[in-house]
Amino acid sequence: MRLVNRPIRLTSCAAALLLAAAVGCAPQDASPGGARTPGPGKESCEPGKLPTVAAGKLTVGTDKPAYAPWFADDDPASGKGFESAVAYAVAGQLGYAKGAVAWQTVPFNNAFAPGAKKFDFDLNQISISAARQQAVAFSAGYYDVRQAIVALKGSKAAGAKSIAALRDVRLGAQVGTTSLDVINDTIRPTQRPAVFQKNDYAKSALKNGQVDAIVIDLPTAFYITSSEVKDAKVVGQFPATGPAKEQFGLVLDKESRLTGCVTAAVDALRKNGTLAALEKKWLTDAVAVPVLS
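Below or above, wherever it landed, is the structure these notes cover. (Residues numbered from 1 in each chain as written. Predicted model: local features only at pLDDT ≥ 70, side-chain atom pairs only at ≥ 80, totals over all residues. Heavy atoms only, no water.)

A look at unusual backbone geometry
What counts here: Working definition: helices are DSSP H or I runs of at least four residues, strands are E runs of at least two. Numbering for both runs from the N terminus. Note on classification: 1.4 Å probe, protein chains only; a residue is buried when its accessible area is under 20% of the maximum for its type, exposed when over 50%, partly exposed between these limits.
For the bond from Lys64 to Pro65, the omega torsion is 5°, close enough to zero to count as cis. Structurally, Pro65 can be placed in the loop between β1 (58-62) and α2 (82-94). Note the cis peptide between Ala68 and Pro69, where omega equals 5°. Among the structural elements, Pro69 can be located in the loop between β1 and α2. Unlike most non-glycine residues, Asp73 shows phi in positive territory, near 55°. Positionally, Asp73 belongs in the loop between β1 and α2. Given a relative accessible area of 73%, Asp73 falls into the exposed group. The phi dihedral of Gln125 is positive, around 55°, even though this residue is not glycine.

Next comes the structure, spelled out in structure tokens:
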């Protein structure tokens, strides 16, 4: 995700104060999922006139390859795939037409690593967490996440009916993900899980029989088994744990003055049904996938 030049941003903010006292540069109010909608006298969300990294444009980051069903044909700019569509819907709410959206390649772990960003927001199936919020800001959640397990047909993991039945199988997940957290904290396997830099490597390991199963978010699990690893199946999904749902959020610079406006945009898209419609269009329904306990 893009590394923003904070000194330049502060200069822009100062200039805005001199030019228009009505446009405040006060920090946004914090909330569990990110800053909330700014109130009167705070940051202006005037459409198309936000203090973005590049004037007049909205810079959006994601990883490469950009995986289906979140993106189509490894092309984030296409508007196809759930996250690509969400990015453009948020941009529209903020007053930026499709042609004013610029995409930037940002490795998954870099998106929420400490340090300034060169993007306005990043989306790459990144779950909101307290640990990540120490380094970056998040918008309100745009997708409620369930983790699932994908196993090779005929493997010991494929017949698992419970979490306990997965403890003696060879498991794998991408580094730095909540999928890996599920393995370590929920399954608690007897052998160390395989950890991969990218989901592509995890899928290859599954296909080659180096692991019996991988943990991944549910929509991606459906896509893998239908289009990429035909000898695999979705064994089940994991229950939500704790008082808060796992949600994907848009990632912003820790000091970003866009967070309140971006959260307001996400909230509006949830309220008006756009997020639900995009989820229905691009993500496979989770019906008939058992919840493992």
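What to know about helix α5 (residues 199-207)
Spelled out, the test is: What the arc measures is the spread of directions leading from the helix axis to the C-beta atoms.
Buried residues of α5: Asn199, Ala202, Lys203, Ala205 and Leu206, and no others. Around the axis of α5, the buried residues are gathered within 160° of arc, so they sit on the same side.

Quick word on the pairing of strand β5 (residues 147-152)
This is how the line gets drawn: In this description, strands pair whenever DSSP reports at least two bridges between them.
Most of β5 sits out of view: six of its six residues are buried. Covered by surrounding structure in β5 are Gln147, Ile149 and Ala151 together with Ala148, Val150 and Leu152, the residues of both alternating faces. Inspection of the sheet shows β5 paired to strand β8 (residues 213-217) by five bridges, in the antiparallel sense. Paired with Ala148 across the two strands is Ile216, which belongs to β8.

Quick word on the sheet that holds β8
Put simply, the rule is: Think of each axis as a best-fit line through the C-alpha atoms, taken over the contacting stretch in the case of a helix, with angles from 0 to 180 degrees between the N-to-C directions.
Strand order across the open sheet formed by five strands is β7-β6-β8-β5-β9, with mixed pairing between neighbours. Each of the sheet's edge strands pairs with one partner strand only, and the pair in question is β7 (194-196) and β9 (232-237). Neighbour-to-neighbour, the strand axes of the sheet open up by a mean angle of 30°, direction not taken into account. Here strand β6 (residues 171-174) runs beside β8; their pairing, made up of two bridges, is parallel.

Quick word on the pattern of salt bridges
The criterion, for reference: Salt-bridge detection follows one rule: a side-chain nitrogen of Lys or Arg within 4 Å of a carboxyl oxygen of Asp or Glu.
All told, the structure shown has seven salt bridges when counted by the stated rule. Notably, a salt bridge pairs Glu46 with Lys49, separated by 3.3 Å at the nearest N-O pair. With relative accessibility at 39%, the residue Glu46 sits in the partly exposed group. Exposure remark for Lys49: the relative accessible area of 60% places this residue in the exposed category. Here Glu228 ties to Lys203 by a salt bridge, and the two come within 2.9 Å at their closest N and O atoms. Here Glu228 is found in helix α6 (residues 218-228), whereas its partner Lys203 is found in helix α5, with 25 residues between them in sequence. Its relative accessible area of 31% is what places Glu228 among the partly exposed residues. Bridged by salt links that share partners, the residues Asp200, Lys203 and Glu228 form one connected network.

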